[in-house]
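The residues making up each chain are set out below.
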Amino acid sequence: MKKEYNKDYEKIVYEIIIHEEFQKRKTYEHHGDISVYKHSLKVSKLAYKITIKFKFIDSESIAIGGLLHDFYYEPWKENKKKTSILKKHGFIHAQEALDNSNTYFPHLINKKVENIILRHMFPLNIVPPKYIESWIISFCDKIVSIEVFLKPKEILMLLGIKKKKEW
Ligand SMILES: [Fe+2]
Ligand SMILES: [Fe+2]
């Protein structure tokens, strides 16, 4: 059966989108003027759109994993705690997003969704994605975040090398 983009996509993601905890991400700044909510939706939609034609790709896990890949606890730019570089946002938020996803949407997490969330920060987090679905989200995340890569100061901040007031 042919997968229909809009109707099927909405059915898959509706529960996440309307959830109070996910709605809070509208107030979390991701980068620039873009909220984590908007960023996650963009990644999820783009990856779903690219993959719906391919039956061997699990586009449902892609839609879910794409939405939850940055479902970390707190707005990262507001975190002023002093920690070692390996505990900075860029290195730990994938694990946080998975923990949070397991708390709020445990029934939506399968092996592929888990791997999508946990490995989306490759190559910054050095363990590579395991499934084609995880590679696709990792790729779409970078495409959607391209403006970050055009601003070296934002990358330094993501790595915890530069503080907010300096950029
Ligand atoms: Fe991320
Ligand atoms: Fe992201």
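Procedures and definitions
- Residues numbered from 1 in each chain as written.
- Chains lettered and ligands numbered in written order.
- Predicted model: local features only at pLDDT ≥ 70, side-chain atom pairs only at ≥ 80, totals over all residues.
- Heavy atoms only, no water.
- Donors = N, O, S within 2.8 Å, 3.2 Å for Na, K, Ca; no water.
- Helix = DSSP H or I, 4+ residues; strand = E, 2+ residues; numbered from the N terminus.
- Buried < 20%, exposed > 50% of the residue type's maximum accessible area, 1.4 Å probe, protein only.
- Phe/Tyr/Trp six-rings, centres within 6.5 Å; stacked < 30°, edge-to-face > 60°.
- Contact = heavy atoms within 4.5 Å.
- Salt bridge = Lys/Arg side-chain N within 4 Å of Asp/Glu carboxyl O.

**Q** Go over the coordination of the iron ion (ligand 2), please, and point to the residues and values.
**A** Those protein atoms acting as donors to the iron ion (ligand 2) are His39 (NE2), His69 (NE2), Asp70 (OD) and Asp141 (OD), and they sit at 2.1 to 2.2 Å. The sequence pattern formed by the donor residues of the iron ion (ligand 2) is H-x29-H-D-x70-D. The metal-metal distance between the iron ion (ligand 2) and the iron ion (ligand 1) comes to 3.5 Å, with Asp70 coordinating both. You can see His39 sitting in helix H3 (residues 36-51) and its partner Asp141 sitting in helix H7 (residues 132-144), a full 102 residues away along the chain. Each member of the pair, His39 as well as Asp141, is classed as buried.

**Q** Before we move on, could you go through the coordination of the iron ion (ligand 1) and cite the residues and values that matter?
**A** Surrounding the iron ion (ligand 1) are the protein donor atoms Asp70 (OD), His93 (NE2) and His120 (NE2), at 2.1 to 2.2 Å. All donors of the iron ion (ligand 1) belong to a single chain; written as a sequence motif, their spacing is D-x22-H-x26-H.

**Q** Which residues make up the packing of aromatic side chains, and what values go with them?
**A** One pass over the full model with this rule turns up seven aromatic pairs. Both rings, one in Phe22 and one in Tyr37, keep their centres 5.6 Å apart while their planes meet at 50 degrees; by these two values the pair is tilted. Here Tyr37 lies in helix H3 and Phe22 lies in helix H2 (residues 20-23), a separation of 15 residues in the sequence. Judged on exposure class, the residue Phe22 and its partner Tyr37 are both buried. Both rings, one in Phe122 and one in Trp135, keep their centres 5.3 Å apart while their planes meet at 80 degrees; by these two values the pair is edge-to-face.

**Q** Go over the side chain of His93, please, and point to the residues and values.
**A** Relative to the helices and strands, His93 resides in helix H5 (residues 89-104). Excluding anything up to four places from it in sequence, His93 contacts His69, Asp70, Tyr72, His120 and Met121.

**Q** Explain the pattern of salt bridges to me, using residue names and the numbers behind them.
**A** In the structure shown here, the tally under the stated rule is three salt bridges. Glu21 is paired through a salt bridge with Lys24; the nearest N and O atoms lie 2.8 Å apart. What makes Lys24 partly exposed here is its relative accessible area of 39%. Across the pair Lys112 and Glu133 runs a salt bridge whose closest N-O atoms are separated by 3.1 Å. One end of the pair, Lys112, is in helix H6 (residues 111-119); the other, Glu133, is in helix H7, and 21 residues separate them in sequence. Residue classification places Glu133 among the buried residues on the basis of a relative accessible area of 1%.

Keep in mind these numbers describe shape, not what the thing actually does.
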